[in-house]
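Chain residues, written in single-letter form:
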Amino acid sequence: MSTRSSRSILPGFGLSLGFTVAYLSLIVLLPLSAVFIKTSGMTFAEFWQSVSSPLVVSAYKVTFFASFAAALVNSFFGLIVAWMLVRYSFPGKRVVDALVDLPFALPTAVAGIALTTIYGPTGWIGRWLAPHDIQIAYTPLGVFVALTFIGLPFVVRTLQPVIEELEPELEEASASLGASRFQTVFKVIIPQLFPALIAGTAMAFARSLGEYGSVVFIGANLPMKTQIVPHVIIEKLEQYDYKGATAIATVMLVSSFILLLLINLLQKWSRRYHKI
Amino acid sequence: MSSIVTHLHKPGSSHGHASRVTQDAAWVRWTLTTVALLFLFGFVLLPLTAVFAEGLRKGVGLFFQSLVDADALAAIKLTLLTAVIAVPSNVVFGVAAAWCITKFSFPGKSVLVTLIDLPFAVSPVIAGMIFVLLFGLQGWLGQYLNAESVWFPWLQQWLIHQDFQVIYATPGIILATIFITFPFVARELIPLMQAQGTDEEYAAVTLGANGWQIFWRVTLPNIKWGLFYGIVLCNARAMGEFGAVSVVSGHIRGETNTMPLHVEILYNEYHFSAAFAVASLLALLAIVTLVLKSVIEWRNSRA
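Residues numbered from 1 in each chain as written. Chains lettered and ligands numbered in written order. Predicted model: local features only at pLDDT ≥ 70, side-chain atom pairs only at ≥ 80, totals over all residues.

(A) A look at the overall build of chain A. On a plain count of helices and strands, chain A comes out with 13 helices and zero strands. The secondary structure elements of chain A, listed N-terminal to C-terminal, are α-α-α-α-α-α-α-α-α-α-α-α-α. In terms of overall dimensions, chain A has a C-alpha envelope of 70 × 65 × 35 Å along the principal axes. Across the 276 residues of chain A, 48% fall into the buried class. (Helix = DSSP H or I, 4+ residues; strand = E, 2+ residues; numbered from the N terminus. Buried ≥ 20, exposed ≤ 12 C-beta atoms within 10 Å, placed from the backbone.)

Encoded structure:
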């Protein structure tokens, strides 16, 4: 273990810490503080008017519900995908494992136009749904599809290491005490995975709240219908309404910081079984 | 918050013995595998395939023509320039941050680690917006340039004379990209160096090595794969960033368009094949990133 900084014999503490703090302040803290400084220059009435207009409230709703639904779907399928990748073996598993990270590596704009094309009325999937009067592109359903794509790796990659570390002894004990496999899964395995599942789902949800690139194409930004909060901010900036944009950004920033805090707590909780 | 996602994990790291009672029945295995693969096929593989299929729909000729178009080439150049500046600056930061966080203990360390993660929690659009607030015409820089009596009048004169512009110009694009890709290298190195401890470095000090010698000969060889992976991820995000760059760029064709923005413009003008052709380049970058990740994981699991 490292000793106290003053007594450590390794060199470079001052240089590395100084550079880290200076770079962090210049690139992240100072620019971010601009949002709060700009907001603090507004009266409360101005602020409230900006963040509670019907257009903005509808955007909160679309963003929140689509993100929430996408995170829920991901928690279900992500659990199955993670379980399959750890516990089963099948040909091509390595490729499938790598594919899970695609939403993370593929630029969001590329994902956006690809999903719009597939789920559009003449697309590979859209054309089969069109006769049943199901339209995905340019509806809130499209926003949900894009956010599901974006969130998938968060759930799978949070669960995978936890499933790997599950102790088979617990399952054996459960089986030897007469539990069926079904009982073992739901009373022994799932409770152990639950904190990580919540943490991964929350991460997918947090990421979805701020997502822009993949949603704007498939959602088409119809006001009061599919417009998301980040797009409202862009629109305000284009109209040089910096105050309005900043006020909405403050609401988003504060909610995502609170979420980040919750996720950190969840992760501590999820590792309580795995003290390394 | 994405820490877990970006970490290398070792595939197939042993989980003991597989006895009969810990195995699912065959029909369960088949059902779950089918459901999982169908989900991945529909949501992940299909979009990836669509990018290339749509790009090639009107023939290979048009595909390559879209890539060597003057505006496309300008966009590719700007994207490369952005990555060439943003990635090395975040590498230097990541190494410095990981060094002070993992080799020393000091008060406020956990706060520092949390602050490094902050850009992950900020929407890309807001990341772009903060630089508009700072450097836009109505922002602090604009107010400074237009003010009557200011601090350092010579600086104001010089900036005006230089036609100094950050927003709707290359510096803004680079700044926004650095902000977005800020945590990637540091988040990769910190857990790795934490796990490796400080024993080898102490040994090097005892044997009389100086700071740079320790770093280049002891630390760097130990962290090179983690560092490489951090660079790969950082680069992928730097080249593919859309939201933040879109806010600060102003979309001036041939001048402030990066590749993702060029894709957007082509798509919105209904040049679908051209849009998907440029998008295929970005998709290729994503595939290379994933392949490199798998190769590094494979190396790690054998080591």
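There's plenty left to go through after this.
(B) Summary view of the overall build of chain B. When you go through chain B residue by residue, the secondary structure sums to 15 helices and zero strands. Overall, the C-alpha framework of chain B stretches about 80 × 65 × 30 Å when taken along its three principal axes. For chain B, buried positions account for 45% of its 303 residues. Long-range pairs, those at least 24 residues apart, make up 79% of the contacts in chain B between residues at least 6 apart in sequence. (Contact = placed C-beta atoms within 7 Å.)

(C) Looking closely at the environment of B:Gly172. All names here are of chain B. Relative to the elements of secondary structure, glycine 172 occurs in helix H9 (residues 170–180). Given 25 C-beta atoms within a 10 Å radius, glycine 172 is considered buried. Along the chain, glycine 172 and glycine 136 lie 36 residues apart, while their C-alpha atoms are 9.7 Å from each other. Those residues in contact with glycine 172 that lie beyond four places of it in its chain are Phe131, Phe135, Val166, Ile167 and Val248.

(D) Highlighting the interface of chain B and chain A. Contacts between the two partners involve 83 residues from chain B and, on the opposite side, 87 residues from chain A. Per-element accounting of the side of chain B that touches chain A gives the leading share, 16 residues, to helix H2 (residues 26–56) of chain B. For the side of chain B that touches chain A, the per-class residue count stands at 58 nonpolar, 18 polar and seven charged. (Nonpolar A, V, L, I, M, F, W, Y, C, P; charged D, E, K, R; others polar.)

(E) Quick peek at the nonpolar core. Core analysis: the biggest nonpolar cluster contains 165 residues, and A:Val110, A:Ile233 and B:Met129 have the highest contact counts within it. The biggest single contributor to this core is helix H3 (residues 54–87) of chain A, with 15 residues. When residues of this core are assigned to domains, at least three map to each of domain 1 (24–56) and domain 2 (60–302) of chain B. Those residues in contact with A:Ile233, other than ones at most four positions away along the chain, are A:Ala245, A:Ile248, A:Ala249, B:Val125, B:Ile126 and B:Met129. (Core = buried A, V, L, I, M, F, W, Y, C linked by C-beta atoms within 7 Å. Domains from an automatic or database assignment.)

(F) A look at the confidence of the model for chain B. Residue and element names in this part refer to chain B. Summing up the model confidence of chain B, the mean pLDDT is 88 and the portion of residues at 70 or higher is 93%. Between residues 1–7, whose pLDDT stays under 50, and residues either more than four places distant or in other chains, the model counts 22 contacts. Of the two predicted TM-score estimates for the complex, the pTM is 0.90 and the ipTM is 0.89. (pLDDT = per-residue confidence, 0-100.)

(G) Representation of the domain arrangement of chain B in the model. Residue and element names in this part refer to chain B. For chain B, the assigned domains read domain 1 (24–56) and domain 2 (60–302). A C-alpha centroid distance of 32 Å is found between domain 1 and domain 2. On the side of domain 2, nine residues touch domain 1, which itself brings six residues to the contact. Classifying every residue of the side of domain 1 that touches domain 2 gives four nonpolar, one polar and one charged.

(H) Looking closely at the packing of helix H14 (residues 259–268) of chain B against helix H15 (residues 272–302) of chain B. Residue and element names in this part refer to chain B. Interhelical geometry of H14 versus H15 gives an angle of 160° and a closest axis separation of 8 Å. Comparing their axes, H15 and H14 come out roughly antiparallel. Taken as a pair, H14 and H15 cross one another with a handedness that is left-handed. Between H14 and H15, the contacting residues are Met259, Pro260, His262, Val263, Leu266 and Tyr267 on the first element and Phe272, Ala274, Ala275, Val278, Ala279, Leu281 and Leu282 on the second. Residue composition of the contact of H14 with H15, grouped by class: twelve nonpolar, one polar and no charged. (Axes fitted to C-alpha atoms, helices over the stretch in contact; angles between N-to-C directions. Parallel < 35°, antiparallel > 145°, perpendicular 65-115°, else oblique. Left-handed = near helix turned anticlockwise from the far one by under 90°.)

(I) Fine view of the environment of B:Phe63. Residue and element names in this part refer to chain B. As for its placement among the helices and strands, phenylalanine 63 is situated in helix H3 (residues 60–68). A sequence separation of 41 residues divides phenylalanine 63 from threonine 22, and the C-alpha atoms of the two residues are 51 Å apart. Look past the residues within four positions of phenylalanine 63 in its chain and what remains in contact with it is Gly55, Leu56 and Ala277.

(J) Broad picture of the confidence of the model for chain A. Summing up the model confidence of chain A, the mean pLDDT is 90 and the portion of residues at 70 or higher is 95%. Contacts for the low-pLDDT stretch residues 1–6 of chain A, under 50 throughout, to residues beyond four places or in other chains number eleven contacts.

(K) Fine view of H3(A). Between its first and last C-alpha atoms H3(A) spans 49 Å; for 34 residues at 1.5 Å apiece the expected length is 50 Å, and the two agree. Most pronounced at A:Phe77, the bend in H3(A) amounts to some 25°. (Expected span 1.5 Å × (residues − 1). Bend = angle between axes of the 7 residues up to and from the residue.)

(L) Geometry of H2(B). Of all the bends in H2(B), the greatest, near 45°, is centred on B:Phe41. The set of residues buried in H2(B) consists of B:Ala36, B:Leu40, B:Phe43, B:Val44, B:Pro47, B:Ala50, B:Val51, B:Glu54 and B:Gly55.

(M) View of unusual backbone geometry. Residues and elements named next belong to chain A. Backbone geometry at tyrosine 138 places phi at a positive 65°, although glycine is not the residue there. The residue tyrosine 138 is located in the loop between helix H7 (126–129) and helix H8 (140–165) in this model. Of the residues examined, tyrosine 138 has 20 C-beta atoms within 10 Å and is grouped as buried. In this structure, alanine 220 takes a positive phi of about 65° despite not being glycine. Residue placement: alanine 220 occurs in the loop between helix H11 (213–219) and helix H12 (229–238).

(N) Spatial organisation of the packing of helix H6 (residues 108–119) of chain A against H14(B). Two numbers describe how H6(A) lies on H14(B): the axes approach to 9 Å, and their chain directions differ by 25°. With respect to each other, H6(A) and H14(B) are oriented roughly parallel. Contact residues: A:Ala109, A:Val110 and A:Ile113 in H6(A); B:Pro260, B:Val263, B:Glu264 and B:Tyr267 in H14(B). Class assignment for the residues of the contact of H6(A) with H14(B) results in six nonpolar, no polar and one charged.

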